[in-house]
Amino acid sequence: MTIFKEKLDEEYLTISEVKEELQDVEEERAEDEDRELRYELARAIEHVNRFALLDAEESRELVERLQELDKVDEATAHKITDLLPRDRDELRTVYAQERYSLSGEELDEILDIVAEYA
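Numbers given to residues run from 1 along each chain, matching the order in which its sequence is written. The predicted origin of the model limits local features to residues at a pLDDT of at least 70 and limits the giving and counting of side-chain atom pairs to 80 or more, whereas totals for whole chains, interfaces and linings rest on all residues. Values reported for side chains reflect all heavy atoms of the structure, with hydrogen atoms and water molecules removed beforehand.

- Per an unreviewed UniProt entry, the chain goes by the name DNA-directed RNA polymerase subunit Rpo4 and belongs to Halolamina litorea.
- Note on the chain: under the UniProt heading Subcellular location (unreviewed entry), the record states "Cytoplasm". UniProt positions are given in the numbering used here, feature names are shortened, and annotations may be inferred rather than shown by experiment.

### A short note on the UniProt feature "coiled-coil region" (unreviewed entry) in the chain
Logical step 1: UniProt's feature table lists "coiled-coil region" (unreviewed entry) at residues 8-35, given in the numbering used throughout.
Logical step 2: The annotated region residues 8-35 carries 61% helix and 0% strand content, and the separation between its end C-alpha atoms amounts to 29 Å. Each helix corresponds to a stretch of at least 4 residues labelled H or I by DSSP, and each strand to a stretch of at least 2 residues labelled E; elements are numbered beginning at the N terminus.

### As for the nonpolar core
Logical step 1: Counting residues in each nonpolar core, the largest one holds 19 residues, and the members touching the most others are Leu 62, Leu 66, Val 72, Ile 80, Leu 91, Tyr 95 and Ile 110.
Logical step 2: Contributions of two or more residues to this core are made by helix H3 (56-67), helix H4 (74-83), helix H5 (88-94) and helix H6 (104-115).
Logical step 3: Top contributing element to this core by residue count: H6, with 5 residues.
Logical step 4: Residues within four places of Tyr 95 in sequence aside, it is in contact with Lys 71, Val 72, Thr 76, Ile 80, Tyr 100, Leu 102 and Ile 110.
Logical step 5: Buried residues of nine kinds, namely Ala, Val, Leu, Ile, Met, Phe, Trp, Tyr and Cys, make up a nonpolar core once their side-chain atoms join them within 4.5 Å. The classification of residues rests on relative accessible area computed with a 1.4 Å probe and restricted to protein chains. Under 20% of the type maximum is buried, over 50% is exposed, and intermediate values are partly exposed. Counting 6 residues, the second largest nonpolar core, distinct from the first, contains Leu 22, Leu 41, Val 48 and Ala 52. Between two residues, a contact is recorded if the distance between any of their heavy atoms is within 4.5 Å.

### So, H6
Logical step 1: The length a helix should cover is 1.5 Å for every residue beyond the first. With 12 residues, H6 should cover 16 Å at 1.5 Å per step; its first-to-last C-alpha distance of 16 Å lies within 8% of that length.
Logical step 2: Here H6 has its buried residues at Leu 107, Ile 110, Leu 111, Ile 113 and Val 114. For H6, the angular spread of the buried residues around the axis is 160 degrees, confining them to a single face. Among the exposed residues of H6, those oriented more than 90 degrees off its buried face are Glu 105, Asp 112 and Ala 115.
Logical step 3: Of the surrounding elements, those touching the buried residues of H6 are H3, H4 and H5. When we speak of the arc, we mean the arc of directions from the helix axis to the C-beta atoms.

Here it is in structure tokens:
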């Protein structure tokens, strides 16, 4: 007999938003001297501190602006916000798994919005 786990909810977060959440957890753990940071949590904090380039508010704003475009869905907007691609080739890698490709104008439109935040 196999037991399946049901997914109850799903929410996309940018690295910057995760950084904000993990800072709260880290502060909470620091108040309790007996609780140590588990290895996985410490590594996650280290990762977000290294790769979060925007603050959480800016990243949310960028995601919203990207989602206004036709060919950018929620998941893709979060990937673009995390990666902040600087040229067409970097942006094409985000769309490599999709069944469609973007025109040069569409790529440039996305890159122009990203450039305002990078």
